[in-house]
Amino acid sequence: MIDAVSAGLIVLGLGFYLAGSIGLLRLPDLYSRLHALTKADNLGLGLLTAGLALHSQELFTIAKLLLIWLAVLAAGAASAHLIARHARRQETGR
Amino acid sequence: MNTPSLLAFDGLLLISIVSLAWAALATRDARRSVILFMAFGLVLALAWGRLLAPDVALAEAAIGAGLSGALLLAAVGGQQGARSGSAQNAGHADPQPAVRWAVTLLCAGVAGILGWALLESFDSSARDTLAQAVAANLASSGVSNPVTAVLLNFRAYDTLLELAVLLTAVLGIFALGQARPGYRFAGPVFDSLARWLVPLLILTAGHLLWVGAHAPGGAFQAGATLAAAAVVLRLAGHSHIGLPAGSVLRLVMVAGVAVFLLVGVTLLALGRPFLGYPPAWAGTLILVIESAAMLSIAATLVLAFLGGRPQALWQATGAAESVPPAATATPAALPEDSSGAATHGVCKEEQSRC
Amino acid sequence: MLTAQWLYGLTGCLVVALGLRAALLQSALLQRIVAVNVMGSGVFLMLIAVAYRGPGVAPDPVPHALVLTGIVVAVSATALALALVRRLHAEPGDG
């Protein structure tokens, strides 16, 4: 039962990653691609860690997985902001 | 035995590795090549995890992909910032097709010889002798992680020389010029990221150091994580990145090699072989050496990232009289960085790397 | 000899050959440094493949220690090479 739920969550997360990759390849410009990537990373990784957390025995492992997700969330958001800001500045000229 | 799904995973992973290597090497643009190389390093870390090598996976992700990538990206940025024309590539013509074919054949031959040697080595019966020796002596080595035991007990001399290689490389870098100019202060987004990321990285480094005795981890991974924290601080615009100044910096740089040598020579003076730990003390000695090595590795990797002599830190006294203060800091975020106002002058205004 | 071993080992040989070819044919210095790093990663692939012993069995720790040492030495050499490249392209009069 737990295996089925966990597998379902992981497959859902992989679906988000697939959507993000398709968005990276098919969307027209930098900003929309960044948007697709960060959405995919946030939710996709969240579902993945949820699926993995269901499998773990100790509370400490679940806490570490949650911390990993939060760290990637923040770092991904900051990186996307920096990339978009740099691209914006290059467009409008300094 | 291989289930079909594991075989499919292996196949996909290996195709990704070869494709990323090919793409990183075939492109003309230096920045694209470096970013593809970083992706190659991360997929390689996945391969190490699959092949049951978690210590190597940690080290590859932290050092091979992370710090190497940061070094290469800083070099690419420096090249493109310094000059607008591609003067350095103008004099190099592409090799003739005949030369390209000859080199391709040569490399195919090298691959063939390596593959043949590899397959021959798989059949040899002497393959397991070292692994059995390690397993037999693991209990008296002071740690229970076999890779740490090999690195810091059975082959400690190699690790001592490796730390010396790292130190020598940084001394060579120092001899070649001064550090790259710093970056200006980051905006609020990156600054707030750095504010909690750096303490988290420092904690993780301490955890990796401690846990390396009985689980994947160790001094190298911990040192690389500390160096990553300093690199994040540097990118956020704080020139004073936690490195000590003057003679303390020199001490920290040589601490790894020095403590290692000290332990070895003391054991020699006590009548034991060089770096032959007594089994009762082995765990403690390994922890002491690893702690010094972690600080030393972190300092040398950060200095390698700086790219040269850190002028503001190299003198023992404050460098306020030789460096003009930064007159106009960005109004976005002026952090209350109270340490070392003299070092803020290293930042240049024109750099757009934040 | 396990399937995974010769799969990963032969891929390592291929990656070494790719890196060697790029190191010899590329004209840009930075790409050459990346190519040498790729060669090193190929060698590490071969070593770890040799160390693998199967899904449930503990692997051979000695090649793992060799690869760890190799990764650190590779990054030191890369850092020194990049400093040399920077010095090579520096304007006369730079510190």
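In this numbering scheme, every chain counts its residues from 1 along its sequence in written order. Here the convention is simple: chains get letters from A, ligands get numbers from 1, in the order in which they are written. Confidence filtering applies because this is a predicted model: local features only for residues at pLDDT of at least 70, side-chain atom pairs given and counted only at 80 or more, and all residues used for totals across whole chains, interfaces and linings.

Peer 1: Even after reading the chapter, I still don't get the overall build of chain A, so can you show me in this structure?
Peer 2: Here a helix means four or more residues in a row that DSSP labels H or I, a strand means two or more in a row labelled E, and each is numbered from the N terminus. When you go through chain A residue by residue, the secondary structure sums to 3 helices and 0 strands. Along chain A, helices (α) and strands (β) appear in the sequence α-α-α when read from the amino end. A compact globule built from 94 residues should have a C-alpha radius of gyration of about 12 Å, whereas chain A, at 16 Å, is more than 25% larger. Projected onto the principal axes, the alpha-carbon positions of chain A cover approximately 55 × 25 × 10 Å. Neighbour counting defines burial: a residue surrounded by 20 or more other C-beta atoms within 10 Å of its own C-beta is buried, one with 12 or fewer is exposed, and intermediate counts give partly exposed, using backbone-placed C-beta atoms. Put simply, chain A has 94 residues, and 12% of those count as buried. Here, residues touch in the contact sense if the C-beta positions derived from the backbone fall within 7 Å of one another. Put simply, 60% of the contacts in chain A that link residues at least 6 apart link residues at least 24 apart. For the radius of gyration, the atoms used are the C-alpha atoms, and the globule rule reads 2.2 Å times the number of residues raised to 0.38.

Peer 1: Help me out: how do you make sense of the overall build of chain B in this one?
Peer 2: Scanning chain B from N- to C-terminus turns up 13 helices and 0 strands. When the helices and strands of chain B are placed in sequence order, the string is α-α-α-α-α-α-α-α-α-α-α-α-α. A fraction of 74% describes how many contacts in chain B between residues 6 or more apart in sequence connect residues 24 or more apart.

Peer 1: Can you walk me through the nonpolar core in this structure?
Peer 2: Most often, soluble globular proteins keep nonpolar side chains buried together rather than apart. Counting residues in hydrophobic clusters, the biggest one holds 146 residues, and the most contacted among them are Val302 of chain B together with Ile48 of chain C. The element contributing the most residues to this core is helix α12 (residues 282–306) of chain B, with 16 residues. Among residues more than four places away in sequence, those in contact with valine 302 of chain B are Ala227, Ala230, Val231, Ile241 and Leu243 of chain B. The term nonpolar core refers to a set of buried Ala, Val, Leu, Ile, Met, Phe, Trp, Tyr and Cys residues connected through C-beta atoms within 7 Å.

Peer 1: What should I look at first to understand the packing of helix α1 (residues 4–26) of chain B against helix α2 (residues 30–50) of chain B in this one?
Peer 2: In a packed pair of helices, the relevant descriptors are the angle between the two axes and the axis-to-axis distance. Residues and elements named next belong to chain B. Angles here are taken between N-to-C directions and fall from 0 to 180 degrees, while the axes themselves are lines fitted to C-alpha atoms, restricted in helices to the stretch in contact. Between α1 and α2, the least distance of the axes is 9 Å, while the angle of their chain directions is 160°. Considering the angle they form, α1 stands roughly antiparallel to α2. Crossing of α1 over α2 shows left-handed handedness. Contacts from Leu13, Ser16, Ile17, Leu20, Ala21, Ala23 and Ala24 in α1 reach Ser33, Leu36, Phe37, Ala39, Phe40, Val43, Leu44, Leu46, Ala47 and Arg50 in α2. An angle below 35 degrees is treated as roughly parallel, one above 145 as roughly antiparallel, one from 65 to 115 as roughly perpendicular, and anything else as oblique. In a left-handed crossing the near helix is turned counterclockwise from the far helix by less than a right angle, and in a right-handed crossing that turn is clockwise.

Peer 1: What's the story with unusual backbone geometry in this structure? I'm lost.
Peer 2: A negative phi holds for most residues other than glycine; trans holds for most peptide bonds. Residues and elements named next belong to chain B. Here the phi dihedral of leucine 52 falls at roughly 60°; this positive angle occurs in a residue that is not glycine. For leucine 52, the location among the structural elements is in the loop between α2 and α3 (54–82). Residue leucine 52 is classed as buried on the basis of its 20 C-beta neighbours within 10 Å.

Peer 1: Quick question: what am I supposed to make of the interface of chain C and chain B here?
Peer 2: Accessible area lost during the coming together of the parts is what is often quoted as the interface size. Contact residues are listed per partner, giving 64 residues for chain C and 75 residues for chain B. Contributing elements (two or more residues each) for the side of chain C that touches chain B: α1 (3–25), α2 (29–51) and α3 (61–88) of chain C. Counting residues per element, the side of chain C that touches chain B draws most heavily on α3 of chain C, which supplies 22 residues. Polarity classes work like this: nonpolar for Ala, Val, Leu, Ile, Met, Phe, Trp, Tyr, Cys and Pro, charged for Asp, Glu, Lys and Arg, and polar for all others, with Gly in that last group. The residue inventory of the side of chain C that touches chain B, partitioned by class, reads 44 nonpolar, 15 polar and 5 charged.

Peer 1: Whenever I open this one, the packing of α1 of chain B against α2 of chain C confuses me. Can you help?
Peer 2: At a minimum axis separation of 9 Å, α1 of chain B and α2 of chain C run at an interaxial angle of 160°. Here α1 of chain B is positioned roughly antiparallel relative to α2 of chain C, judged by the angle of their axes. Between α1 of chain B and α2 of chain C lies a crossing of left-handed hand. Where α1 of chain B abuts α2 of chain C, its residues Ala21, Ala24 and Leu25 of chain B lie against Val34, Ala35 and Val38 of chain C. Residues belonging to the contact of α1 of chain B with α2 of chain C are distributed by class as follows: 6 nonpolar, no polar and no charged.

Peer 1: What exactly am I supposed to notice about α12 of chain B here?
Peer 2: Residues separated by three or four positions in an α-helix point in the same direction, a consequence of the helix having 3.6 residues per turn. Residues and elements named next belong to chain B. To estimate the expected span of a helix, count its residues, drop one, and scale the result by 1.5 Å. With 25 residues, α12 should cover 36 Å at 1.5 Å per step; its first-to-last C-alpha distance of 36 Å lies within 8% of that length. Burial runs high along α12: 19 of the 25 residues are buried. Just past α12, the residue glycine 307 takes up positive phi, approximately 90°.

Peer 1: Can you help me understand the confidence of the model for chain B in this one?
Peer 2: All names here are of chain B. In this model, chain B carries a mean pLDDT of 83, and residues with pLDDT of at least 70 account for 83%. Note: pLDDT gives the predictor's confidence per residue, expressed from 0 to 100. Mean pLDDT across the secondary structure elements of chain B bottoms out at helix α4 (residues 87–90), with 47, and peaks at α2, with 95. Note that pLDDT drops below 50 for residues 83–88; the model gives that stretch 1 contact with residues more than four away or on any other chain. A low-confidence stretch, residues 316–354 stays under pLDDT 50, and its non-local contacts, those more than four residues away or across chains, total 64 contacts. Taken together, the chains of this predicted complex give a pTM of 0.87 and an interface ipTM of 0.94.

Peer 1: Would you take a moment to explain the environment of valine 38 of chain C for this structure?
Peer 2: Along the chain, valine 38 of chain C turns up in helix α2. By C-beta crowding, valine 38 of chain C is classed as buried, having 25 other C-beta atoms within 10 Å. Spatially, the C-alpha atoms of valine 38 of chain C and alanine 51 of chain C are 20 Å apart, while their sequence positions differ by 13 residues. In this structure, valine 38 of chain C is in contact with Ala21, Ala24 and Leu25 of chain B together with Val15, Leu18 and Gly19 of chain C, ignoring residues within four places of it in sequence.

Peer 1: Honestly, the environment of arginine 28 of chain B in this entry has me stumped. Any pointers?
Peer 2: Positionally, arginine 28 of chain B belongs in the loop between α1 and α2. For the pair arginine 28 of chain B and glycine 218 of chain B, spaced 190 residues apart in the sequence, the C-alpha separation amounts to 38 Å.

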